[in-house]
2 protein chains.
Amino acid sequence: MTQDIVLKNIAKHISLDENEIPYFLSILKEKKYPKKSVILKEGEICKTINFVQSGTLRAFYRDSQGKESTIMFAVSDWWITDMSCFINQQPAMLNIETLEESLILHLQKEDLDDLYIKIPKFERFFRIIMQNAYIREQLRVIQNLSLSAEQRYHIFLDKYPQVAKQVTQKQIASYLGITPEFLSMIRANKNK
Amino acid sequence: MTQDIVLKNIAKHISLDENEIPYFLSILKEKKYPKKSVILKEGEICKTINFVQSGTLRAFYRDSQGKESTIMFAVSDWWITDMSCFINQQPAMLNIETLEESLILHLQKEDLDDLYIKIPKFERFFRIIMQNAYIREQLRVIQNLSLSAEQRYHIFLDKYPQVAKQVTQKQIASYLGITPEFLSMIRANKNK
DNA sequence: CCAATTTCTTAAACTACATTATTTTTTTAC
DNA sequence: GTAAAAAAATAATGTAGTTTAAGAAATTGG
């Protein structure tokens, strides 16, 4: 079953009883998206938190002048949403799109709220997910403040080698906060 | 009681029963620190998560050349720690210091782990705390990637006016990721 | 399979911010 | 209250990264 992936993901942090598994699976809605699908568009209410079974997704912010900043990539086994807008059920600041054909499990806000009540272990699960996300973002802030673009690029390659292969340099540049032209220069220097 | 502050903080997200309150308070260790105390030093194991009853704290990263990047400020009613190192009980990457005399409640890792078991509602509480921290850090990443130093400075003033009054410009500059000299220029331009 | 579009590279001119140094102002300590 | 230390301002010079533009390479769609 493809749903093995999400169950293994859950099992990293909590153990579900046999009878809890079908309930949990019943609130997930599986959907297949072709390449370049828009999963969430800025301004829309973000109704779901999303688990990537297969494929690659990108969340990005587009500023008033159209400049894009990639906030995160998500590959198989990752959770992704516009957390702020999902939690508060407000218009999204981010866009989320597929970079290739992807199989996504959607979990609705109201179903998650019920889940916390019916299976409180999920409070623990998402506490750990949020904790890890916080630690990741904070590390990224530290690196953005203290490292050069070149250092950030090499850390990105080391940390997410499989993502680096899937996405364009333009997208990597927008994740690093530099222009594609400057990334191209960094890459050219490397070979010297 | 000064401990009212932490109980009100908890009550924002969960309701404790009468009998749970004394247990929770019993695992908190209150300590008073003079100005410029070091609460956590990089390289040390980070043993506690800390609640600020009164005063102001600063968490910062110091790179190999001694350059400081301020990761967060914490004033009354905030939780602060080096989360990565607290969770994994590994040597700290961050330093935490008081910027004025401060009254801190310390919560030890092992007591927190017990607390999650004895009062599982705290899973919910810290899930929400972590969620908010994640959202905050992600917003900061977006702003670091897409806004100029000047824009970031004005957002900081709007968002944390009381912090802005308590801390030096050098510290604000290191939070924004710029030099104090450049912040001084930004401030001078403002008056034109 | 070819045309069209997108991506990547190169390079010159430019800008936001850093560095260094000096002076002035504010804070701290006895 | 005064000396010493730290913080802030100003200014000249330097640099990491941007902008603009144009050509080469790779991908995509029909």
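Quick caveat, the model's predicted, so the values are computed rather than measured.

**Focus on the overall build of chain A**
Thought 1: Across its full length, chain A holds 9 helices and 8 strands.
Thought 2: The globule rule puts the C-alpha radius of gyration for 192 residues at 16 Å, and the 18 Å found for chain A is close to it.
Thought 3: Burial status across chain A gives 53% buried among its 192 residues.
Thought 4: Long-range pairs, those at least 24 residues apart, make up 71% of the contacts in chain A with a sequence separation of at least 6.
Thought 5: Surface exposure of chain A reaches about 9,300 Å², of which carbon and sulfur atoms provide 51%.
Thought 6: Distance from the positive charge centre (26 side chains) to the negative charge centre (23 side chains) of chain A: 6 Å.

**Things to note about the UniProt feature "domain: Cyclic nucleotide-binding" (unreviewed entry) in chain A**
Thought 1: Look at the UniProt record and you will see "domain: Cyclic nucleotide-binding" (unreviewed entry) annotated at residues 15-115 of chain A.
Thought 2: End C-alpha to end C-alpha, residues 15-115 of chain A measures 15 Å, and it is 21% helix and 45% strand.

**What to know about the confidence of the model for chain A**
Thought 1: Per-residue confidence for chain A gives a mean pLDDT of 94; residues scoring 70 or more make up 97%.
Thought 2: Averaged pLDDT values for the elements of chain A fall to 91 in helix 9 (residues 180-190) of chain A and rise to 98 in strand 6 (residues 79-80) of chain A.

**Regarding the relation of the copies chain B and chain A**
Thought 1: Overlaying chain B on chain A yields an RMSD of 0.0 Å, the required transformation being a rotation through 180 degrees with an accompanying axial translation of 0.0 Å. Here the transformation between the copies is reduced to the relation of a two-fold axis.

**A few points about the nonpolar core**
Thought 1: The biggest cluster of nonpolar side chains holds 92 residues, and the ones touching the most others in it are Phe-24, Phe-122 and Phe-126 of chain A together with Phe-24, Phe-122 and Phe-126 of chain B.
Thought 2: Apart from residues no more than four positions distant in its own chain, Phe-24 of chain B is found in contact with Val-6, Leu-7, Ile-10, Leu-16, Leu-115 and Phe-122 of chain B.

**Quick word on helix 4 (residues 109-118) of chain A**
Because the α-helix completes a turn every 3.6 residues, residues three or four places apart line up on one side.
Thought 1: Residues of helix 4 of chain A that are buried: Lys-109, Asp-111, Leu-112, Leu-115 and Tyr-116 of chain A. The buried residues of helix 4 of chain A occupy one face: seen down the axis, they fall within an arc of 160 degrees. Seen from the buried face of helix 4 of chain A, the exposed residues on the opposite side, beyond 90 degrees, are Glu-110, Ile-117 and Lys-118 of chain A.
Thought 2: Looking at the buried positions of helix 4 of chain A, the neighbouring elements they touch are helix 2 (20-27), strand 1 (28-33), helix 3 (83-88), strand 8 (102-108) and helix 5 (121-146) of chain A together with helix 5 (121-146) of chain B.

**So, the sheet that holds strand 6 (residues 79-80) of chain B**
Residue and element names in this part refer to chain B.
Thought 1: One open sheet accounts for 4 strands, arranged 1-8-3-6; its pairing is antiparallel. Each edge of the open sheet carries a strand with a single partner, namely strand 1 (28-33) and strand 6.
Thought 2: Each of strand 1, strand 3 (48-54), strand 6 and strand 8 (102-108) touches helix 1 (residues 4-11); the most contacted strand, strand 3, lies at about 115 degrees to it.
Thought 3: This element, helix 4 (residues 109-118), spans strand 1 and strand 8 of the sheet and lies at about 65 degrees to strand 8.

**Concerning the domain arrangement of chain A**
All names here are of chain A.
Thought 1: Partitioning chain A into domains gives domain 1 (4-135) and domain 2 (147-192).
Thought 2: Taking the mean C-alpha position of each, domain 1 and domain 2 sit 26 Å from one another.
Thought 3: Taken residue by residue, the interface counts 13 residues in domain 1 and 10 residues in domain 2.
Thought 4: When residues of domain 1 are sorted by the area they lose upon contact with domain 2, Thr-70, Phe-73 and Val-75 head the list and together hold 52% of the total.
Thought 5: Our count for the contact surface shared by domain 1 and domain 2 stands at 0 salt bridges.
Thought 6: At the boundary of domain 1 and domain 2, one finds 1 residue pair in polar contact (both at pLDDT 80 or more).
Thought 7: The set of elements that each furnish at least two residues to the side of domain 1 that touches domain 2 consists of strand 4 (56-62) and strand 5 (68-75).
Thought 8: Sorting elements by how many residues they give to the side of domain 1 that touches domain 2 places strand 5 first, with 7 residues.

Rules used in this analysis
Residues numbered from 1 in each chain as written. Chains lettered and ligands numbered in written order. Predicted model: local features only at pLDDT ≥ 70, side-chain atom pairs only at ≥ 80, totals over all residues. Heavy atoms only, no water. Helix = DSSP H or I, 4+ residues; strand = E, 2+ residues; numbered from the N terminus. Rg over C-alpha atoms; globule rule 2.2 N^0.38 Å. Buried < 20%, exposed > 50% of the residue type's maximum accessible area, 1.4 Å probe, protein only. Contact = heavy atoms within 4.5 Å. Areas by Shrake-Rupley, 256 points an atom, 1.4 Å probe, with all protein chains shown as cover. Lys, Arg positive; Asp, Glu negative; His and termini not counted. Charge placed at Lys NZ, Arg CZ, Asp CG, Glu CD. UniProt positions renumbered as here; feature names shortened; annotations may be inferred. pLDDT = per-residue confidence, 0-100. Least-squares fit on C-alpha atoms with pLDDT ≥ 70 in both. Core = buried A, V, L, I, M, F, W, Y, C linked by side-chain atoms within 4.5 Å. Arc of directions from axis to C-beta. Pairing = 2+ DSSP bridges. Axes fitted to C-alpha atoms, helices over the stretch in contact; angles between N-to-C directions. Domains from an automatic or database assignment. Buried area = accessible area lost by both parts, 1.4 Å probe. Salt bridge = Lys/Arg side-chain N within 4 Å of Asp/Glu carboxyl O. Polar contact = N/O pair within 3.5 Å; in protein donor to acceptor, adjacent residues only side chain to side chain.

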